[in-house]
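Breakdown of the fold
Single-letter residue listing:
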Amino acid sequence: MSVESTTGPLTTEAGAPVADNQNSETAGIGGPGLIQDQLLIEKLAHFNRERIPERIVHARGAGAYGTFTVTADATPYTRAAFLSEIGKQTEVFLRFSTVAGNLGAADAVRDPRGFALKFYTEEGNYDLVGNNTPVFFIKDAIKFPDFIHTQKRDPYTGSQEADNVWDFWGLSPESTHQVTWLFGDRGIPASYRHMDGFGSHTFQWNNAAGEVFWVKYHFKTDQGIENLTQDEANKLAGEDPDSHQRDLRESIERGDFPTWTVGVQIMPAAEAANYRFNPFDLTKVWPHADYPVIEIGKLELNRNPENIFAEVEQSVFSPHHFVPGIGPSPDKMLQGRLFAYGDAHRYRVGINADHLPVNRPHATEARSHGRDGALYDGRHGRQKNYEPNSFGGPAQTGLPLWQPAPVAGSTGEQAAPSHAEDNDFVQAGNLYRLMSEDEKGRLIDNLAGFLAKVSRDDIAARAIENFRNADADYGKRLEAAVQALRG
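The rules behind these values
- Residues numbered from 1 in each chain as written.
- Predicted model: local features only at pLDDT ≥ 70, side-chain atom pairs only at ≥ 80, totals over all residues.
- Heavy atoms only, no water.
- Helix = DSSP H or I, 4+ residues; strand = E, 2+ residues; numbered from the N terminus.
- Rg over C-alpha atoms; globule rule 2.2 N^0.38 Å.
- Areas by Shrake-Rupley, 256 points an atom, 1.4 Å probe, with all protein chains shown as cover.
- Lys, Arg positive; Asp, Glu negative; His and termini not counted.
- Charge placed at Lys NZ, Arg CZ, Asp CG, Glu CD.
- 1 Å grid on protein atoms, 1.4 Å probe; cavity = no way out; pocket = protein on both sides within 12 Å on 5 of 7 lines; lining within 4 Å.
- Points joined across faces, edges and corners; volume = space filled by probe spheres on them.
- Nonpolar A, V, L, I, M, F, W, Y, C, P; charged D, E, K, R; others polar.
- Core = buried A, V, L, I, M, F, W, Y, C linked by side-chain atoms within 4.5 Å.
- Buried < 20%, exposed > 50% of the residue type's maximum accessible area, 1.4 Å probe, protein only.
- Contact = heavy atoms within 4.5 Å.
- Expected span 1.5 Å × (residues − 1).
- Arc of directions from axis to C-beta.

Further remarks concern the overall build of the chain. In terms of helices and strands, the chain carries 12 helices and 10 strands. Computed over C-alpha atoms, the radius of gyration of the chain comes to 25 Å, within 12% of the 23 Å expected from 2.2 N^0.38 for 487 residues, which places it in the range of a compact globule. With the C-alpha coordinates of the chain rotated into their principal frame, the extents come out at 80 × 65 × 50 Å. Summed over all atoms, the accessible surface of the chain reaches about 24,300 Å², with 53% contributed by carbon and sulfur. Computed over 47 positive and 66 negative side-chain charges, the separation of the two mean positions in the chain equals 1 Å.

Take a look at the structure:
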């Protein structure tokens, strides 16, 4: 992005030279201020408006620019131009974040990390809005506001309450898998550079022949996985709340550019209906034995933003930003996010958020008939604002970005289809059984320390039962640890 010149005189926002920036105008020496002092009024009015509403979730974050380089042939699976040939590079912007904390929260906390990636492709921007975990707490977007309310401040106490968190998790057994991830060793990454990223959802890829594949994205950190214990995190959060943001910025400043190896799991569309569990369920992973991760590229971050507010705080990512060859799946959480993210940005940043330098296409030009609204810059000039028109305006292509999916049945509030091995606890139990004894011990300690704060025995017991359903030993050890702490 261009940077304003710092040479020449200080001016007002309208460009008029400023004579005195140290003293405001008064009616005589020591007299009252004057409303005619437009510099004073302009500065104070601007200062009062320097903060836009922070994100409801993912408010605390850091970002950087970089490149994505194709390392393997993806054309059998997708016609996306940025994946069309080995060696091709695409500019990207990646924003990392925590989920529950506000803008002033500490980085070193036990919380999922957002992994939101914007590809500035020649066919428009492609946003992949994921996390550092391959799964999530819930599988239907209609539950998302309720879930986030339990993670945020209680309307009466003004604090996060263990009762609210565990009450919701206990009543939502599909959360057991993600909770096991969150309270395990990877629940507090040592830095943004030392964690993996995931698209988490299932997405559609379609190739030039019209064949459809379901895919999951994986970003494997080349720096290696490094995590913090709860005690280490507590100390770091108090001493350096900006630890992760600082680490990312300083690593890029010294030329130690973080990289990730990018891979995908690919499922032919015909296999989805009879797969052993619902492949569009966000609370489950696809076992690598069923669908191995295939490397397709390398992600590198190599340039820091020049202004955090302009480029990180005002950056927006929307899962509905697809390009030809990539599209959505029937994942009910993804379907809700297709609306919710764009709507959040229209409210928070404004209807023209996509015109900002960090958000607008870099490798092509946006040509739409949207006009006006706050901060509209008049870029369209005299162009007509409707389609079709006879004045050379942009017109539809007739070429959909993704392939249509067949649907059947009646409308109504319906659960996702059930598959032979659909179960809320199996994968949580599998994850627990993969852990070493030391890892299991830390997981139990982390869970028990939080669960012991619950004030009602029935809420604690219901939560423990979910872990017992995942693995008998898991539940038994957690129950004993909670009882020991509660006395």
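Let's pick the thread back up.
Before going further, it helps to spend a moment on empty space enclosed by the protein. Applying the stated criterion across every chain yields a total of 6 cavities of 30 Å³ or more. In terms of lining residues, the largest cavity is bounded by Asn 132, Thr 133, Trp 181, Arg 186, Pro 189, His 194, Met 195, Asp 196, Phe 198, Ile 225 and Asn 227. Split into classes, the residues belonging to the lining of the largest cavity amount to 5 nonpolar, 4 polar and 2 charged.

Let us look at the nonpolar core. Burial of nonpolar side chains together is a common tendency in soluble globular proteins. Within the largest apolar cluster, 41 residues are counted, with the highest numbers of intra-cluster contacts made by Trp 166, Trp 169, Phe 183, Leu 447, Leu 451 and Leu 478. At the level of elements, helix H2 (144-151), helix H3 (162-171), helix H4 (176-183), helix H9 (426-434), helix H10 (437-451), helix H11 (457-470) and helix H12 (472-486) are the ones that each hand at least two residues to this core. If near-sequence neighbours (up to four positions away) are discounted, Leu 447 is found in contact with Trp 166, Val 179, Phe 183, Phe 467, Tyr 474 and Leu 478. Residues Leu 94, Phe 203, Tyr 217 and Ile 326 belong to the second largest nonpolar core, which totals 38 residues.

Looking now at H11. The end-to-end C-alpha distance of H11, which contains 14 residues, comes to 20 Å, matching closely the 20 Å that a straight helix rising 1.5 Å per residue would cover. Those residues of H11 that sit buried are Ile 459, Ala 460, Ala 463, Ile 464, Asn 466, Phe 467 and Ala 470. What you see down the axis of H11 is that its buried residues fit within an arc of 145 degrees, all on one side. The inward-facing, buried residues of H11 contact H3, H4, H9, H10 and H12.

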